[in-house]
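This is what each chain is made of:
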Amino acid sequence: MKHLLFAVSLLAVSTIAAAQVPKSNHVVIVLEENHSYSSVIGSSSMPYLNSLASQYGLATQYYANTHPSIGNYLELTAGKIITNSDGYSSTITSDNIVRHLLTAGKTWKSYAESLPSVGYAGGDVYPYIRHHNPLSYFSDVVNSSVQKLNLVPFTHFAADLANNQLPQFSFVVPNMHHNAHDCPTGMSTCTDAQKKAAADSWLKTNMAPLLSNPAFQQDGILIVVFDEAASTDTTHGGGHVAAVVVGSNVRKGYRSTTLYQHQSMLRTILTALGSSTFPAAAATATPMSDMFGATASTTTCTATINGVTVCSPAGGTTVASPVHVRAAAKSSLASITAMRIYVDSVSQYLTHTSSIDTSLSLASGSHYMVVQAWDATGAVYKSSLKIQVP
């Protein structure tokens with residue numbers, strides 16, 4: 001019995017040790033507004049976000065901290081609510097994420113859509129809303145002529161990405177037309193489905209290029225999280241919200257059932273960026289370690305029979321671009337000498353090994369994929385499937 005208990009304890013320790021937040025050179029977080037988990041996950045109005053949620057990591061028990069918005073934004077960046085007044089305009093001297101990033105020697109920017117100008121730390125200029133841009137309150141930023149320049153309009157994001165100048169931490173703030181809060185641009189009235197669809201379209205347009213970027217694909221982490229649930233949901237303070245984590249080191253198709261709130265996200269971000277110190281509640285919060293690492297769905301793809309086995313994506317599914325393709329081939333006649341991926345009859349990838357683990361950037365729409373392999377005798381094996389890219 002002692003040996004059994006020791007073995008169980010050792011397994012538990014090994015599991016805990018394996019669950020760690022990996023280091024990242026690029027962490028990007030996008031904040032969406034005022035929707036409960038149940039209205040987002042599974043919603044036909046947000047196919048892109050849901051495809052990311054199904055392909056990567058989804059925190060199924062993530063809860064905001066308070067109502068209304070500002071307290072959640074501050075919890076996410078300072079580890080405490082500080083104020084629940086969306087009209088708050090004072091400079092905040094409390095410990096915060098920027099202070100810890102600077103101590104760790106990390107770069108950062110806040111990319112706020114419709115921000116009037118670089119370094120702007122003033123009030124609302126609709127559709128820009130200041131209390132959705134928490135980094136603009138901190139004394140470490142507004143009292144520094146250098147750090148203030150990291151408050152930039154979102155138009156800088158695409159340019160920085162294209163020029164390989166993306167900072168190590170990016171706080172992305174869609175404006176009120178694109179964060180699911182208000183109606184899309186040009187509409188005075190709209191349905192909730194139209195608000196979500198506009199936010200989803202914006203997310204795809206602006207974040208799909210990030211996920212296709214080679215530098216980001218190495219170890220980047222994209223986080224999409226809602227600040228708070230509907231006002232009627234006060235569970236754990238701010239209600240049940242969706243939090244999706246995307247990246248090469250994220251457990252594919254993973255569903256976390258651990259209770260998390262914004263302070264855990266703050267700790268996770270700083271840990272990924274190499275900080276060993278954390279502000280306020282983040283210091284004692286549980287990091288979202290279970291979202292990262294290997295899972296059954298990311299273990300080596302193995303061909304169990306002669307021919308080509310495609311482990312992902314599954315045929316007939318909707319998957320976000322870049323599409324993660326894992327396949328393997330086996331021949332009883334001779335060794336596999338090459339494998340190739342065709343998409344809509346066009347060659348997209350070639351390897352001279354017996355397995356594939358790669359990501360392909362594909363346009364929206366239906367695609368017909370064929371994974372083909374050859375062995376040393378010239379025998380050809382193939383497997384085909386159809387997928388949908390939102």
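See the structure printed just above.
These notes cover the structure that comes with them. Quantities reported herein were computed from a predicted structural model and do not represent experimental measurements. (Residues numbered from 1 in each chain as written. Predicted model: local features only at pLDDT ≥ 70, side-chain atom pairs only at ≥ 80, totals over all residues. Heavy atoms only, no water.)

### So, the sheet that holds strand β9 (residues 307-312)
Next up, step 1: In spatial order, the strands read β9-β10-β13; together these three strands make up an open sheet with antiparallel pairing. Whereas interior strands pair on both sides, the edge strands pair on one side only; in this sheet they are β9 and β13 (355-360). The average undirected angle you get between the axes of adjacent strands in this sheet is 20°. (Pairing = 2+ DSSP bridges. Helix = DSSP H or I, 4+ residues; strand = E, 2+ residues; numbered from the N terminus. Axes fitted to C-alpha atoms, helices over the stretch in contact; angles between N-to-C directions.)

### Observations concerning the state of the cysteines
Next up, step 1: The tally for this structure, following the rule as stated, stands at two disulfides.
Next up, step 2: For Cys183, the disulfide goes to Cys190, at an S-S distance of 2.2 Å. Between Cys183 and Cys190, the S-S dihedral sits near -95°, and the bridge is therefore left-handed.
Next up, step 3: The class for Cys190 is partly exposed, based on a relative accessible area of 23%.
Next up, step 4: Paired by a disulfide, Cys301 and Cys311 hold their sulfur atoms 2.0 Å apart. One quick way to see it: the torsion about the S-S bond of Cys301 and Cys311 is about 80°, and its sign makes the bridge right-handed. One end of the pair, Cys301, is in the loop between α10 (262-272) and β9; the other, Cys311, is in strand β9, with ten residues separating them in the sequence.
Next up, step 5: Looking at Cys311, the relative accessible area reads 35%, which means it is partly exposed. (Disulfide = S-S within 2.5 Å. Buried < 20%, exposed > 50% of the residue type's maximum accessible area, 1.4 Å probe, protein only.)

### Quick word on the packing of aromatic side chains
Next up, step 1: Scanning the model with the defined rule gives six aromatic pairs in all.
Next up, step 2: When the centroid spacing of 4.8 Å and the interplanar angle of 40° are considered together, the rings of Phe154 and Trp202 count as tilted. Taken together, the residues Phe154 in the loop between β4 (151-153) and α7 (155-162) and Trp202 in helix α8 (residues 192-212) connect sequence positions 48 residues apart. Across the pair, exposure class does not vary: Phe154 and Trp202 are buried alike.
Next up, step 3: Each member of the aromatic cluster is reached from another via a ring pair, and the members are Tyr111, Phe154, Phe157 and Trp202.
Next up, step 4: Over the ring of Tyr137 we find Arg130; its NZ or CZ atom is 4.1 Å from the centre of that ring.
Next up, step 5: Sitting above the plane of the Tyr254 ring, Arg251 keeps its charged end 4.0 Å from the centroid. (Phe/Tyr/Trp six-rings, centres within 6.5 Å; stacked < 30°, edge-to-face > 60°. Lys NZ or Arg CZ within 6 Å of the ring centre and 35° of its normal.)

### Here's the deal with the nonpolar core
The nonpolar side chains of soluble globular proteins are, as a tendency, buried together.
Next up, step 1: Counting 83 residues, the largest nonpolar core has Ile29, Tyr62, Phe169, Met207 and Leu222 as the members making the most contacts within it.
Next up, step 2: Val325, Ala327, Met339 and Ile356 belong to the second-largest nonpolar core, a separate cluster that totals 20 residues. (Core = buried A, V, L, I, M, F, W, Y, C linked by side-chain atoms within 4.5 Å.)

### Some points on the environment of Leu76
Next up, step 1: Mapped onto the elements of the fold, Leu76 is located in helix α4 (residues 69-78).
Next up, step 2: Along the chain, Leu76 and Pro134 lie 58 residues apart, while their C-alpha atoms are 8.9 Å from each other.
Next up, step 3: Contact partners of Leu76, with chain neighbours within four places excluded, come to Ile29, Leu31, Tyr62, His262, Met265 and Leu266. (Contact = heavy atoms within 4.5 Å.)

### Thoughts on the pattern of salt bridges
Next up, step 1: By the definition in use, this model includes three salt bridges.
Next up, step 2: Between Arg99 and Asp140 there is a salt bridge, with its nearest N and O atoms 2.8 Å apart. Of the two residues, Arg99 is situated in helix α5 (residues 97-103) and Asp140 in helix α6 (residues 139-142); the sequence distance between them amounts to 41 residues.
Next up, step 3: Arg99 sits in the partly exposed class, given a relative accessible area of 28%.
Next up, step 4: Residue classification places Asp140 among the buried positions, given a relative accessible area of 17%.
Next up, step 5: Asp160 is the partner of Lys109 in a salt bridge, and the nearest nitrogen-oxygen pair spans 2.8 Å. In this pair, Lys109 is assigned in strand β3 (residues 108-112) and Asp160 in helix α7, connecting sequence segments 51 residues apart. (Salt bridge = Lys/Arg side-chain N within 4 Å of Asp/Glu carboxyl O.)

### Considering the sheet that holds strand β15 (residues 380-389)
Sheet strands associate in pairs through backbone hydrogen bonding, adopting either a parallel or an antiparallel arrangement.
Next up, step 1: The four strands lie next to each other as β12-β11-β14-β15, forming an open sheet whose pairing is antiparallel. Among the strands making up the open sheet, the edge pair consists of β12 (346-351) and β15. Pairs of neighbouring strands in the sheet enclose a mean axial angle of 20°, with direction left out of account.
Next up, step 2: Where strand β14 (residues 365-375) meets β15, ten bridges bridge the pair, whose relative direction is antiparallel. Bridge pairing in β15 links Ala373 to Tyr381.

### Overview of α8
Next up, step 1: With 21 residues, α8 extends 30 Å from end C-alpha to end C-alpha; this agrees with the ideal 30 Å at 1.5 Å per step.
Next up, step 2: Helix geometry: α8 is bent most strongly at Asn206, by close to 30°, with proline Pro209 lying one to four residues after it.
Next up, step 3: Turning to α8, its buried residues number three or more, namely Lys196, Ala198, Ala199, Asp200, Trp202, Leu203, Asn206, Met207, Ala208, Leu210 and Leu211. (Expected span 1.5 Å × (residues − 1). Bend = angle between axes of the 7 residues up to and from the residue.)

### Some words on the packing of α4 against α10
Next up, step 1: In contact at an axis separation of 7 Å, α4 and α10 are set at 35° when each is read in the N-to-C sense. Crossing of α4 against α10: the hand is right-handed. When α4 is examined against α10, the residues Asn72, Glu75, Leu76, Thr77 and Ala78 are found in contact with a partner set consisting of His262, Gln263, Met265 and Leu266. (Left-handed = near helix turned anticlockwise from the far one by under 90°.)

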